[in-house]
Amino acid sequence: MAFLCSVTHGERRKMNVDFDFTLDQQKAIQRIALQYKREAEKCYSAKAYLAGCVLIGAAMEGLLLSTINCFPELIFAVKSAPRIKGKIKHYEKWTFAELLRVAKELGWLSSELSTRKEWKAANAEIGDYVDIVRRIRNLIHPIKYINELGRKRITKEYLEACFTIVDSASECLYEVLKYYRTMFINEKKRRRKLEKLAK
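A few points on the structure. All values reported here derive from a predicted model rather than from experimental measurement.

**A short note on the overall build of the protein chain**
Moving on, step 1. Scanning the protein chain from terminus to terminus reveals eight helices and two strands.
Moving on, step 2. Shown N-terminal to C-terminal, the secondary structure of the protein chain runs as helices and strands in the order α-α-α-α-β-β-α-α-α-α.
Moving on, step 3. Taken over 199 residues, the protein chain has a buried fraction of 40%.
Moving on, step 4. Intrachain contacts of the protein chain at a sequence separation of at least 6 include 65% that bridge at least 24 residues.
Moving on, step 5. Only carbon and sulfur atoms are counted for the fraction: they give 54% of the accessible area of the protein chain, which is about 12,100 Å².

**Quick word on helix α6 (residues 126-137)**
Moving on, step 1. Between its first and last C-alpha atoms α6 spans 16 Å; for 12 residues at 1.5 Å apiece the expected length is 16 Å, and the two agree.
Moving on, step 2. Those residues of α6 that sit buried are I126, G127, D128, V130, D131, V133, R134, I136 and R137.

**Some remarks on the packing of α6 against helix α8 (residues 156-198)**
Moving on, step 1. It is at 9 Å that the axes of α6 and α8 come closest, and there the two elements cross at 135°. Classed by the angle they form, the pair α6 and α8 counts as oblique. In the packing of α6 onto α8, the handedness of the crossing is left-handed. Within the contact between the two elements, α6 uses I126, Y129, V130, V133 and I136 and α8 uses Y158, C162, I165, V166, S168, A169 and C172.
Moving on, step 2. Looking at the contact of α6 with α8 residue by residue, the class counts come to 11 nonpolar, one polar and no charged.

What counts as what
- Residues numbered from 1 in each chain as written.
- Predicted model: local features only at pLDDT ≥ 70, side-chain atom pairs only at ≥ 80, totals over all residues.
- Heavy atoms only, no water.
- Helix = DSSP H or I, 4+ residues; strand = E, 2+ residues; numbered from the N terminus.
- Buried < 20%, exposed > 50% of the residue type's maximum accessible area, 1.4 Å probe, protein only.
- Contact = heavy atoms within 4.5 Å.
- Areas by Shrake-Rupley, 256 points an atom, 1.4 Å probe, with all protein chains shown as cover.
- Expected span 1.5 Å × (residues − 1).
- Axes fitted to C-alpha atoms, helices over the stretch in contact; angles between N-to-C directions.
- Parallel < 35°, antiparallel > 145°, perpendicular 65-115°, else oblique.
- Left-handed = near helix turned anticlockwise from the far one by under 90°.
- Nonpolar A, V, L, I, M, F, W, Y, C, P; charged D, E, K, R; others polar.

Take a look at the structure:
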């Protein structure tokens, strides 16, 4: 995915972007996200469903982080981008919830529900389902687990649902990357034509 990023690292510095990752870090994030997904698949085979849910949730977080890193110029305009003293936080300090909020605001992962209290499957869209993956991933914290599930166990069905949601969200993010890549290629062609005409 890294080759699809909209601007080079040098161009980012000219734009005064100091909240993103380097290309090497970007590649490492993508590699780790894929590793998490493979590990989650192993957990499924081993019937370690909670561990699998945690790992597939971490993979989804990595995918969001990697995609958002490709478009720092869009982040400036996003109201939900997390800030400290008015300045956008470095990506390494963003939470899964913050990454998801930005992806929803940009329309990358559509969402119809504003709070989890109004949850209705008929109205839910992919961004709403990714939030469920995030909440299940957060069950790694003992108090979250007790408050959310009590004595219930995470079953195979939970992990299967998480895989389905992450696969669907991945397809959405891939379409975003394709769209912006095409848009940026067309813009570069347009600029070249204008430069030729100006000569």
